[in-house]
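Analysis of the macromolecular model
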Amino acid sequence: MSTTETPPTSPTTPGEDLVIRLAEPDEYEAVGALSYAAYRNDYTISDGYRAQLVDTAGRTDEYEVWVAAEADGTLLGTVSILRAGFDLGGALREGELYFRLLAVSPDARRRGIGARLTTFTLDEARRRGYRVVVLNSGEHMTGAHALYRGLGFVSDPDRDIRIHDDDHEIVVHLFAREV
C-alpha cells in the first residue's frame, strides 16, 4: 500500500521560494520550538502536550516529520505523517493515512502554509496509494477545523475520542477526506 521511497521536495509556488521537505535531525529542536510557539499562540497548552510538541526526535520512529521552509532554510511550518506499519492501536481503517501536529510559525501566518502542508499530505497519500487522509483535532482548535473543512475534510463524530490532558477531558474530533 505505501512506500518508504522519499519523494522529491515539493515544487514552489510561482513567486514564492517555499519548499516542503523532510526535516533534518539537526532541525528537530527548531521544529519543536516552532510547533510549541504555533500552538501556544492559539491555545492553552498543558505540560504533557507541550512535551509532545517539542519532542520532534521522539516521534520520528513512528512519523515522518516534514517542514515547509524558505529557500534560505528558515522554517515556517511542519506536519508529521504516520509511517507505514503504524495504525494508532487499531484506530485507523484500511487505506487511511494519518497526520498530526500541523503547525505554522506565528510569524508566517496568513501565507497559506498550513493549507500547503495539508495539500502536500493529500498528495503524499495519493502517491503512496492511500484512499483517505485522516487527522484528529481537539474540540477547541476551531481555527484548524475551519482550515480542514475548507480543504474538504469532514468530521466523523462516530470516531471522536475523549482524552484526559492533565485535569481536563477533551473531545478530539476525527476529520477525514478522500484523496
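Okay, so let's go over this structure. (Residues numbered from 1 in each chain as written. Predicted model: local features only at pLDDT ≥ 70, side-chain atom pairs only at ≥ 80, totals over all residues. Heavy atoms only, no water.)

As a further point, take the overall build of the protein chain. Scanning the protein chain from N- to C-terminus turns up 5 helices and 8 strands. In the protein chain, the order of α-helices and β-strands from amino to carboxyl end is β-α-α-α-β-β-β-α-β-α-β-β-β. By the compact-globule yardstick of 16 Å for 179 residues, the protein chain fits well, its C-alpha radius of gyration being 15 Å. Here the C-alpha coordinates of the protein chain stretch approximately 40 × 35 × 30 Å along the principal axes. By residue count, 47% of the 179 residues in the protein chain fall in the buried class. Within the structure as shown, the protein chain displays about 9,400 Å² of accessible surface, and the carbon and sulfur contribution to it stands at 47%. (Helix = DSSP H or I, 4+ residues; strand = E, 2+ residues; numbered from the N terminus. Rg over C-alpha atoms; globule rule 2.2 N^0.38 Å. Buried < 20%, exposed > 50% of the residue type's maximum accessible area, 1.4 Å probe, protein only. Areas by Shrake-Rupley, 256 points an atom, 1.4 Å probe, with all protein chains shown as cover.)

Okay, the nonpolar core next. One broad rule of soluble globular proteins: the nonpolar side chains tend to lie buried together. Counting residues in hydrophobic clusters, the biggest one holds 42 residues, and the most contacted among them are Tyr39, Phe99, Ile113 and Phe153. Among residues more than four places away in sequence, those in contact with Tyr39 are Ile45, Tyr49, Leu53, Leu101, Leu102, Ala103 and Met141. Formed by 8 residues, the second largest nonpolar core is a distinct cluster that contains Tyr63, Leu82, Tyr98 and Ala176. (Core = buried A, V, L, I, M, F, W, Y, C linked by side-chain atoms within 4.5 Å. Contact = heavy atoms within 4.5 Å.)

Relative to the helices and strands, Thr44 is located in the loop between helix H1 (28–42) and helix H2 (47–54). Spatially, the C-alpha atom of Thr44 lies 9.6 Å from that of His140, the residues being 96 residues apart in sequence.

Another point: helix H5 (residues 142–150). Each α-helix winds once per 3.6 residues, and so residues spaced three or four apart point in a common direction. Among all positions of H5, only Ala144, His145 and Tyr148 are buried. All buried residues of H5 project into a common sector of 100° when viewed along the axis, lining one side. Pointing more than 90 degrees away from the buried face of H5 are the exposed residues Thr142, Gly143, Ala146 and Gly150. Here the buried face of H5 lies against strand E4 (96–104), helix H4 (113–128), strand E5 (132–138) and strand E8 (168–178). Phi turns positive, to about 95°, at Gly152, one or two residues after H5. (Arc of directions from axis to C-beta.)

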